[in-house]
Structures are given as C-alpha cells and as structure tokens.
Amino acid sequence: MKNVLVVSGHTDLKNSVANKTILTELEKELPGAEFDYLDRLYPDFRIDAEAERRKLIRADIIALQFPLFWYSVPSLMSRWIEETFVHGFSHGSSGDKLHGKKLVASFTAGAPEDMYRRGGGMGYEAEDFLAPIKAMCGLCGMEFAGFIFTCGVSYLNRSDAGERARTEALAKDHARRLTELLKTL
Ligand SMILES: Cc1cc2nc3c(=O)[nH]c(=O)nc-3n(C[C@H](O)[C@H](O)[C@H](O)COP(=O)(O)O)c2cc1C
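Residues numbered from 1 in each chain as written. Predicted model: local features only at pLDDT ≥ 70, side-chain atom pairs only at ≥ 80, totals over all residues. Heavy atoms only, no water.

A.B. asks: Even after reading the chapter, I still don't get the pattern of salt bridges, so can you show me in this structure?
C.D. replies: Evaluated as defined, the whole model comprises 16 salt bridges. The salt bridge involving Glu125 is made with Arg118; its shortest N-O contact spans 3.0 Å. As a salt-bridge pair, Arg118 and Asp128 come within 3.4 Å of each other at their nearest N and O atoms. Of this pair, Arg118 sits in the loop between strand S4 (102–108) and helix H5 (131–139) while Asp128 sits in the loop between S4 and H5, placing them 10 residues apart in sequence. For Asp128, a relative accessible area of 27% translates into the label partly exposed. Where salt bridges share partners, they join Asp173, Arg176, Arg177 and Glu180 into one cluster. (Salt bridge = Lys/Arg side-chain N within 4 Å of Asp/Glu carboxyl O. Helix = DSSP H or I, 4+ residues; strand = E, 2+ residues; numbered from the N terminus. Buried < 20%, exposed > 50% of the residue type's maximum accessible area, 1.4 Å probe, protein only.)

Following this line, the structure appears as structure tokens:
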C-alpha cells in the first residue's frame, strides 16, 4: 500500500466520540499509515510548518479527518493549512512538492441526513462544503480522490448511552468505508 498520512483536525479529540472512534479504527486497519493529531501537537495553534511539510512530502495519500464546524474544517485544521501550504512549497511557479498526491476528505456532522439533501434545511449537500478543499487540490496539483461523510453524530448526544452507542456504530462504519477507499487508491 502507498504511504498514507491521516491528519486529524478535531480541536478536542479527548471529548470526541465520532472522530475518536474513526481514528481508533483507522489505526487498527492501517498499521502502516502515519497519524497526525493536530490537537495533541498544537494545542496552542503554533504549527511546526517545516515538520508538517515533511509529513506531506512523505505521503502519497493524505486523508483529512475532521468534524464539520460551521460548514468548514475546524479552526485548527484551517490554521494548519494556512501555515503549511505556502507559495513555493505547495503552489506557485516553483511550488510543486504536492504534485501528484491524492487527497481524501473524511468528515462528520451533527445535523441529520435530510438537512444535507438538496432543498434540505442547510440549503446545500455535504459535498458542497468541500469546494475550498477541491480548489486547494487543483491549485496544488493534487488529485481530489473522494470523500467519506457521516452525519447525525451531534456532540449533543454524548451523554445518552444509547445515542453514544449509535454514534460509535456509525463511526465504525465510516472508518470501514474510508479504509476501503484508501486501499483502492
Ligand atoms: C463549533 C461547532 C460547530 C459545528 N458546526 C456544525 C455544522 O456546521 N454543521 C453540522 O452539521 N454540525 C456542526 N457541528 C456538530 C459537529 O460536526 C459534530 O458534533 C461532530 O461532527 C461530532 O464529532 P465528534 O464526536 O468527533 O466531536 C458543530 C459543532 C461544533 C462544536
């Protein structure tokens, strides 16, 4: 299998259910992959951009794992992108270090599925929120290689044992689908 880098953008994995379960399953399923836990490494948001660029260079496939926060990647992952993907590295006339790499978006959301249908309450489908990531791939010469999405896993349900178990089951299925996709790339 190719070199896989999984970047976790959750700002507080300790209190996560869905993303924590997904990442725990991925660590079991993808023993050769590198895992980049941004909240553990950079609780102060001070990104070591050189170290992060080295991880990106080593990878053939980059999987961004994150909860949808206000229809976007969480602030910590946004900060990571801003600091790491810079002119001359990822883009620009001499910025070719990410050319040919594949990127997968793997994300969770609290709202239920019917909200993310066309004409639904959010006004957009979940994939629509990936437009900035897809554009970033285009600018950086990366291939956007697909996405895995799970909705209906709200943080509001964590205290209820039944809801927590349902979230964990959805997260395990999410990890299975993501592993399958990564193995085809
Ligand atoms: C600050 C914040 C913003 C959020 N924004 C959204 C959103 O835009 N759409 C949505 O469906 N859920 C939203 N949620 C819910 C999270 O996506 C959901 O709780 C998360 O995917 C669950 O994963 P976790 O158990 O790993 O934390 C938001 C949650 C927080 C804390």
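What follows continues from the structure just given.
A.B. asks: Whenever I open this one, unusual backbone geometry confuses me. Can you help?
C.D. replies: A negative phi angle is the norm for most residues apart from glycine, just as the trans form is the norm for most peptide bonds. With a phi angle near 70°, Phe45 is a residue other than glycine that sits in the positive phi range. Along the chain, the position of Phe45 falls in the loop between helix H2 (38–41) and helix H3 (49–58). The exposure class assigned to Phe45 is partly exposed, which follows from its relative accessible area of 31%. Even without glycine at this site, Tyr71 takes up a positive phi of about 65°. As for its placement among the helices and strands, Tyr71 is situated in the loop between strand S3 (61–67) and helix H4 (75–84).

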